[in-house]
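# Tertiary structure, described
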Amino acid sequence: QVQLVESGGGLVQPGGSLRLSCAASGSVFRMNTMGWYRQAPGKQRELVAVITSGGDTNYPESVKGRFTISRDNSKNTVYLQMNSLKPEDTAVYYCRFQPMYGSVSWGQGTQVTVSS
């Protein structure tokens, strides 16, 4: 079982930046994929960014060029740097841990609000 603790959400003005962090603990095996998803009110949860243990990344077009995912394997931590934030980025952001074998774990979520 893997536990995920997210931090870094908050209120920011349009055009601003935030950095989210997600620390994994427990049975964190070396080969895994970590990612960020978000869910806005009334909408389905959607992918924001993923990164493999080897450093390969993937982003949807909606955030490409504005968001950057990175990880520190020595700390079992993944980061999401969000720049040029827009009101439509407002959502609860969830960290996700997917091992090569075993079940997926989710964090508790952190609120990001982009508003003037």
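Residues numbered from 1 in each chain as written. Predicted model: local features only at pLDDT ≥ 70, side-chain atom pairs only at ≥ 80, totals over all residues. Heavy atoms only, no water.

### Observations concerning the state of the cysteines
Scanning the entire structure with this criterion turns up one disulfide. In this model Cys 22 forms its disulfide with Cys 95; the gap between the sulfur atoms is 2.1 Å. On the sign convention where negative is left-handed, the bridge of Cys 22 and Cys 95, at about -85° about the S-S bond, is left-handed. Of this pair, Cys 22 sits in strand β3 (residues 18-26) while Cys 95 sits in strand β9 (residues 91-99); the two residues are 73 residues apart in sequence, bridging distant segments of the chain. For the residue pair Cys 22 and Cys 95, the accessibility class agrees, reading buried in each case. (Disulfide = S-S within 2.5 Å. Helix = DSSP H or I, 4+ residues; strand = E, 2+ residues; numbered from the N terminus. Buried < 20%, exposed > 50% of the residue type's maximum accessible area, 1.4 Å probe, protein only.)

### As for a nonpolar patch on the surface
On the surface, Met 31, Met 100 and Tyr 101 cluster together to form a nonpolar patch covering roughly 390 Å² of accessible area. In this fold, Tyr 101 is placed in the loop between β9 and β10 (105-106). (Patch = residues over 30% accessible without salt bridge, like charges linked within 9 Å, V, L, I, M, F, W, Y side chains within 5 Å. Areas by Shrake-Rupley, 256 points an atom, 1.4 Å probe, with all protein chains shown as cover. Salt bridge = Lys/Arg side-chain N within 4 Å of Asp/Glu carboxyl O.)

### What to know about the sheet that holds strand β8 (residues 77-82)
In spatial order, the strands read β1-β3-β8-β7; together these four strands make up an open sheet with antiparallel pairing. In this open sheet, the two edge strands, each paired with only one partner strand, are β1 (2-7) and β7 (67-72). Across this sheet, the average inter-strand angle for adjacent strands is 15°, counted without regard to direction. Where β1 meets β3, six bridges bridge the pair, whose relative direction is antiparallel. In the sheet register, Val 5 faces β3, and the bridge partner there is Ala 23. (Pairing = 2+ DSSP bridges. Axes fitted to C-alpha atoms, helices over the stretch in contact; angles between N-to-C directions.)

### Observations regarding the pattern of salt bridges
Side chains that carry opposite charge are capable of pairing whenever their charged atoms lie near each other. Applying the stated criterion across every chain, the model contains four salt bridges. Asp 89 is paired through a salt bridge with Arg 38; the nearest N and O atoms lie 2.9 Å apart. With Asp 89 in the loop between β8 and β9 and Arg 38 in strand β4 (residues 32-39), this pair connects stretches of sequence that are 51 residues apart. Side by side, Asp 89 and Arg 38 carry an identical accessibility label, which is buried.

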